[in-house]
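Reading the structure
Below are the chains, spelled out letter by letter.
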Amino acid sequence: MFRLIACMFALAFLTPGTVLADQRPNVLWIVLDDLGPEIGCYGTPHVSTPAMDQLSSEGVRFTRCFSTSPVCSASRSALVTGMYQTSIGAHHHRTRKMKPLPEGVQTVMQQFGDAGYFVCDLKPPGAKGKAKRDYNFVADDDQFHGDDWSQRRDGQPFFAQVQIHEPHRPFVHDDDPERADKVTLPPNVPDHPVARADMANYLASVEQGDKHVAAILQRLDAEGLRENTLIMLFGDHGRPHVWGKQWLYDEGIHTPLIVAGPMIDHPGTSSDALVSLIDVAPTCLRAANITPHARTEGVDILADDFKGREFIFAARDRCGEAADRIRAIRDTRYKYIRNFYPDRPYTQTSSYKQLSYPVVTLLEVLRAQGKLSPEAERMMQKTRPAEELYDLKSDPDELHNLAENPEHEETLQRMRTQLNQWIESSGDQGAIREGDQAYHDAITAEKQKWYENTQRKRGLDPNVSADQYLEWWNKELLHSAR
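The structure reproduced in this document is the subject of the present report. Just so it is clear, the structure is predicted and the values come from calculations on it, not from any experiment. (Residues numbered from 1 in each chain as written. Predicted model: local features only at pLDDT ≥ 70, side-chain atom pairs only at ≥ 80, totals over all residues. Heavy atoms only, no water.)

Looking only at helices and strands, the protein features 13 helices and 13 strands. Over its C-alpha trace the protein gives a radius of gyration of 22 Å, about what one expects of a compact globule, namely 23 Å for 482 residues. On the principal axes, the C-alpha backbone points of the protein span a range of 75 × 50 × 45 Å. Within the span of the protein, comprising 482 residues, buried residues form 59% of the whole. In the protein, of all internal contacts separated by at least 6 residues, the share reaching a separation of at least 24 is 77%. Element-wise, carbon and sulfur atoms account for 49% of the exposed surface of the protein, whose accessible area totals about 20300 Å². (Helix = DSSP H or I, 4+ residues; strand = E, 2+ residues; numbered from the N terminus. Rg over C-alpha atoms; globule rule 2.2 N^0.38 Å. Buried < 20%, exposed > 50% of the residue type's maximum accessible area, 1.4 Å probe, protein only. Contact = heavy atoms within 4.5 Å. Areas by Shrake-Rupley, 256 points an atom, 1.4 Å probe, with all protein chains shown as cover.)

This is the structure in structure tokens:
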């Protein structure tokens, strides 16, 4: 399915004084924040993504790609090292006590730089702000040589990360008055105008991200770089909805992965091989004839003998002030989740979720009114099961926990054993305390201050009731254009 073009590497190791241009391929990552597979080429209706669809037609679309974490900093730490964030102590979201990477572990930026590549991260044309660098480790030096590949030497190949904010919250306002009525909501979300508007705004934000993708692809074409550039497009984790971001259900870790460029033999194809985002870095390094560091846990998904992973693994630890430890294993059919703190609710305090997710408030109000379906009610339970098992073939929304079903005991034991082996073999550091109570109290106080300041900026009392807050969301989503 895939091939490596030998001529790309023929001049990789030039003798001193050689002036010929380096013919190795450029490598470009297009990373969209919080992007699930809700794009046209993945079959999502009511969304227009012509740029990503076109890229898919020129490359390979992986339909079963998963992040190792459902939150950005932990996922990105794994992404750029080719190692699980739990293996390198980068598993807590934006930890304050960041440490250097373990001995022998290098970032993909370091490895490309050491091999003579120009390394940069940039925003797409016209986008505001700085490119996102969100890692949970301390780097010895600046990993990037600049903020645009135009700064490289003549003929020097580049490794670039293009960071696109969308569809991260806050979403753009959807200007299609009919889309909210057309969208399909998952069964664990109430069918309510606020939830429909929120989903429509998410899709509008995906479309805005697609416009940025179009701009960067047009630039590659204009500069004659497309033919010799390996492009990887993906999200840093799954979509930002109540059962998505920060959770290990597929909604939180499933992301598109589109690979296009000179290594693709059969453009316009799809692959259902099971892959992980930790595979992106070693795959790109191999494509540039660079050997990944010896401790990498990722694999080359473009290798001729790659048939897909047997399992993918994912982990969630502290996010904001919500301390947690959850681990998951998934194969092509089953998902097993272990909650290390089953006594904690899904709705433990999270100022980020409370401020940004209108459906969280909607769930609170509808539950008080006794109007939640059993599927939606699950989010509001005071405790969680210690183990969860889902048959993704018959239950893709992960609604029916089979962990206590004796008919699935063999599958439960198999997945449980495999997860235990991964925790042991990967050196999962999740059991090590991040800090003492004072450390966690400081994080909580900081998040509470942020929450209160944001509510005041919205013209609300920080202690506004759920009913009053839902009224604000209703006006914000249904009657106001941002």
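Anyway, onward from the coordinates.
Attention now moves to helix α13 (residues 466-478). Because an α-helix packs 3.6 residues into every turn, residues spaced three or four apart end up facing the same way. Its 13 residues place the ends of α13 18 Å apart at the C-alpha level, agreeing with the 18 Å of an ideal helix rising 1.5 Å per residue. Taken residue by residue, α13 has Tyr469, Leu470, Trp472, Trp473, Glu476 and Leu477 as its buried positions. When α13 is viewed along its axis, its buried side chains cluster within an angular range of 155° and face the same direction. For α13, the exposed residues set more than 90 degrees away from the buried face come down to Glu471 and Lys475. Looking at the buried side of α13, the elements it contacts are α5 (193-222), α8 (351-356), α9 (358-368) and α12 (437-457). (Expected span 1.5 Å × (residues − 1). Arc of directions from axis to C-beta.)

A word on empty space enclosed by the protein. If you walk through the whole model with that rule in mind, you get two cavities of 30 Å³ or more. Considered as a void within the structure, the largest cavity measures approximately 90 Å³ in volume. Lining the largest cavity are 14 residues, and of these Val189, Asp198, His241, Val242 and Val359 sit closest to its centre. Secondary structure elements with two or more residues in the lining of the largest cavity: α5 and α9. Looking at which element gives the most residues to the lining of the largest cavity, the answer is α5, with three residues. For the lining of the largest cavity, the residue count by class is nine nonpolar, one polar and four charged. What the second largest cavity holds in volume is close to 40 Å³. Taken together, Trp247, Leu248, Tyr249, Ile326, Ile337, Asn339, Tyr346 and Glu388 form the lining of the second largest cavity. (1 Å grid on protein atoms, 1.4 Å probe; cavity = no way out; pocket = protein on both sides within 12 Å on 5 of 7 lines; lining within 4 Å. Points joined across faces, edges and corners; volume = space filled by probe spheres on them. Nonpolar A, V, L, I, M, F, W, Y, C, P; charged D, E, K, R; others polar.)

A separate point is the layout of surface pockets. Considered as a void within the structure, the largest pocket measures approximately 800 Å³ in volume. If you trace the largest pocket, you find 29 residues lining it, with Pro37, Glu38, Arg239, His254 and Asp397 closest to the centre. Mapped onto the lining of the largest pocket, the elements with two or more residues apiece are β2 (59-66), α5 and α6 (250-253). With three residues, the top contributor of residues to the lining of the largest pocket is β2. Its residues placed into classes, the lining of the largest pocket shows 13 nonpolar, seven polar and nine charged. Together, 25 residues line the second largest pocket, and Cys72, His93, Arg94, Tyr352 and Lys447 are the ones closest to its centre. Of all elements in the fold, only α2 (72-81), β6 (158-164) and α12 reach the threshold of two or more residues within the lining of the second largest pocket. Top element by residues in the lining of the second largest pocket is α12. It accounts for four residues. When grouped by side-chain class, the residues that make up the lining of the second largest pocket number seven nonpolar, seven polar and 11 charged.

With respect to topology, seven strands assemble into an open sheet ordered β4-β6-β1-β7-β8-β2-β9, the strand pairing being mixed. Every other strand in the sheet has two partners, leaving β4 (118-122) and β9 (269-276) as the edge strands with one partner each. On average, each strand axis in the sheet is tilted by 20° relative to the strand beside it, whichever way the strands run. Of the strand pairs in this sheet, strand β7 (residues 229-235) and strand β8 (residues 254-260) are connected by four bridges, and their pairing is antiparallel. (Pairing = 2+ DSSP bridges. Axes fitted to C-alpha atoms, helices over the stretch in contact; angles between N-to-C directions.)

Attention now moves to the sheet that holds strand β10 (residues 312-316). Read from one edge to the other, the open sheet built from four strands follows the order β10-β11-β12-β13, with strand pairing classed as antiparallel. Both outer strands of the open sheet, β10 and β13 (387-391), are each paired with one neighbouring strand and no more. For this sheet, the mean inter-axis angle between neighbouring strands, taken without regard to orientation, is 15°. With five bridges joining them, strand β11 (residues 326-330) and strand β12 (residues 334-339) adopt antiparallel strand pairing. Paired with Arg327 across the strands is Arg338, a residue of β12. Each of β10, β11, β12 and β13 is contacted by helix α11 (residues 409-425), which is oriented at about 60° to β12, the strand it contacts most.

It is worth spelling out the environment of Gln218 at this point. On the secondary structure map, Gln218 appears in helix α5. Given the relative accessible area of 55%, Gln218 is considered exposed. Note: C-alpha distance between Gln218 and Glu207 (11 residues apart in sequence) is 16 Å.

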